[in-house]
Amino acid sequence: MDKIQITGGRKLQGEVNISGAKNAALPLIASSILVNGKICFTNVPDLMDITSIRLLLEDLGAECNVSPGCLEVDGSLIDKIEAEYDLVRKMRASILVLGPLVARFGHAKVSMPGGCAIGARPVNMHLSGLEALGATISIEHGYIEAKADRLVGSEIYFDMPTVTGTENLMMAATLAKGKSVLRNAAREPEIVTLAQALNKMGAKIEGAGTAIITIEGVKELHPADIKIIPDRIETGTFMVAAAATCGDILIKGCEPDHIGGIISKLKAAGAIIEIFKDSIRVVGSKTIQSIDIKTLPYPGFPTDMQAQFMTLMTIATGNSMIHESVFENRFIHANELLRMGADISIRNGNIASIRGVKELQAAPVMASDLRASASLVIAGLIAKGTTTISRVYHMDRGYEAIEKKLSLLGADIKRMK
Ligand code: EPZ
């Protein structure tokens, strides 16, 4: 299994280009199931999760063509409605094929996605939403089976905002008979871009990006060319890395409008930030201010940036507090940061108190999930000595060529086979 070795102490300087967003690409690629024709996706990141969903679609019978940064999916050839355990277990977001399959074919069998390191990750809201649209749902031998002659538009109220739940049901409702209304919907940019793409394919969706989304069902959707939006979490990760190393980087090809929460917190921590149309410059300051954050659904501070921010706070002046309100077990990286000399205490499982220390010390550490791996990379960049991070396959799921991008910014980082 690959490891990454980082010798800390270097300031990040220069320019970095942001890749397409994993969490936008996954639902968009799943939406090709809805279309009896070929969809061409561009600005597609080269990530393990993208390969996983492509393999899943190919297993369903879709024809996929891959070229650098592009993915073509022809859903007209799909002849199977079962997403197998072996494929789904590799990536929980495979649940995103459930809504499109039952909407287009009236039948779907998808392996229950297991939990993961950060939480149980239930899909009850996905299932109750499909039942509201008239599907009959059964769960047997670890598989979800959904059936419906044709889905019928309905009102769906989410107990709490769910990103993939909103995406799954928005996709399913596009082919339902009549009107659907999703209330307490998630408002992430990935929802907005999915709605825009579906509308380009002939869907009738309004309100994406607000808590109330209405979908007027249509008989069928048609092919369209879709460009993936920039990855706001990759953008935020590089911003935190620049602040932590007291560097000066220009992040290009990003969408500043999608990272307001991150910008405001980084400014409060003392970073100097210049915002341009599709790029952002971050200059770190010698003294990092301790600040408190609470993770919330968009447009609040994103939970996917919590681990990276915790690393920054380990070397801030004074004490800070992080409240993880979205997932129940998203502080695993704290144990690894403690091994690097950080001063962190966790209470009630979701409140972390961090007392800033002068510097972290390099150590062998282990990644536990995608964003935890990013927090350990940032820790390695600022620690005294050489840090080795194992289980970096977690990082390869969501960060395209990260060691190459960091090397170009001056980091002393290399992957070891
Ligand atoms: C999406 O996961 C993202 N993944 C996650 O990114 C992200 O952390 C999360 O949204 C929150 O922003 C993708 O988009 C592929 P949720 P998702 O449903 O949709 C509970 C990363 O690092 N819930 O919004 O699975 C759930 O347990 C990944 O890129 C239910 O209880 O998250 C959580 O507490 C990690 N029942 C809360 O809602 C449900 O049916 C929000 O989860 C669904 C969710």
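Predicted model only: the values in this text are computed from it and were never measured.

Parameters at a glance
- Residues numbered from 1 in each chain as written.
- Predicted model: local features only at pLDDT ≥ 70, side-chain atom pairs only at ≥ 80, totals over all residues.
- Heavy atoms only, no water.
- Near = heavy atom within 4 Å.
- Polar contact = N/O pair within 3.5 Å; in protein donor to acceptor, adjacent residues only side chain to side chain.
- Areas by Shrake-Rupley, 256 points an atom, 1.4 Å probe, with all protein chains shown as cover.
- Helix = DSSP H or I, 4+ residues; strand = E, 2+ residues; numbered from the N terminus.
- Nonpolar A, V, L, I, M, F, W, Y, C, P; charged D, E, K, R; others polar.
- Salt bridge = Lys/Arg side-chain N within 4 Å of Asp/Glu carboxyl O.
- Buried < 20%, exposed > 50% of the residue type's maximum accessible area, 1.4 Å probe, protein only.
- Contact = heavy atoms within 4.5 Å.
- Lys, Arg positive; Asp, Glu negative; His and termini not counted.
- Pairing = 2+ DSSP bridges.
- Axes fitted to C-alpha atoms, helices over the stretch in contact; angles between N-to-C directions.

A. Here's a closer look at the site of the ligand. For the ligand, the set of nearby residues contains 22 residues, the closest of which are Asn124, Thr162, Thr164, Asp304 and Val326. Interatomic distance of 3.0 Å between a side-chain N/O atom of lysine 22 and an oxygen atom of the ligand. The contact in question runs from a nitrogen atom of the ligand to an N or O atom on the side chain of asparagine 124, over 2.7 Å. Surface burial for the ligand is 88%, taken as the share of its 830 Å² of free accessible area covered by protein chains. Element by element, the count of residues in the shell around the ligand is highest for helix H5 (residues 124-132), at three residues. Tallied by class, residues from the shell around the ligand come to ten nonpolar, six polar and six charged.

B. Seen up close, the pattern of salt bridges. Within this structure, the stated rule accounts for 20 salt bridges. A salt bridge links aspartate 396 to arginine 415; the nearest nitrogen and oxygen atoms lie 2.7 Å apart. Of the two residues, aspartate 396 sits in helix H13 (residues 393-396) while arginine 415 sits in strand E24 (residues 412-416), which places them 19 residues apart along the sequence.

C. Focus on unusual backbone geometry. For the bond running from tyrosine 298 to proline 299, omega is 10 degrees, close enough to zero to count as cis. Considering the arrangement of structural elements, one finds proline 299 in the loop between strand E18 (293-294) and helix H10 (306-313). The phi torsion at asparagine 184 lies on the positive side, around 65 degrees, for a residue other than glycine. Its location among the elements puts asparagine 184 in the loop between strand E11 (179-183) and helix H7 (189-200). The phi dihedral of asparagine 348 is positive, around 55 degrees, even though this residue is not glycine. Along the polypeptide, asparagine 348 turns up in the loop between strand E20 (343-347) and strand E21 (351-355). With a relative accessible area of 67%, asparagine 348 lands in the exposed category.

D. Fine view of H5. For H5, the complete set of buried residues consists of Met125, His126, Leu127, Gly129 and Leu130. Turning to H5, the residues buried within the fold contact helix H4 (98-105), strand E8 (136-140), strand E9 (143-147), strand E10 (155-157) and helix H6 (163-173). Immediately downstream of H5, the backbone of glycine 134 shows phi near 100 degrees, a positive value.

E. Just the environment of alanine 241, in detail. Residue position: alanine 241 is located in helix H8 (residues 232-244). On a C-alpha basis, the gap between alanine 241 and serine 154 in space is 45 Å, while along the polypeptide they are 87 residues apart. Apart from the residues lying within four places of it in its own chain, the contact partners of alanine 241 are Leu12, Ile378 and Leu381.

F. Representation of the side chain of aspartate 74. Within the secondary structure layout, aspartate 74 lies in strand E5 (residues 70-74). One buried charged side chain, aspartate 74, makes no salt bridge at all; its nearest oppositely charged neighbour is lysine 38, positioned 5.6 Å away. Polar contacts involving the side chain of aspartate 74 include one to the side chain of serine 76, which spans 2.5 Å.

G. Structural context of the sheet that holds E21. The strand order across the open sheet built from four strands is E18-E19-E21-E20, with neighbouring strands paired in mixed fashion. Both edges of this open sheet fall to E18 and E20, since each of them pairs with a single strand only. Against the sheet, H10 engages E18, strand E19 (319-323), E20 and E21, with an angle of about 170 degrees to E19.

H. Here's a closer look at the pairing of strand E7 (residues 107-111). When strand E6 (residues 82-83) meets E7, the two strands line up parallel, connected through two bridges. Its bridge partner being in E7, glutamate 82 is matched across the sheet by lysine 109.

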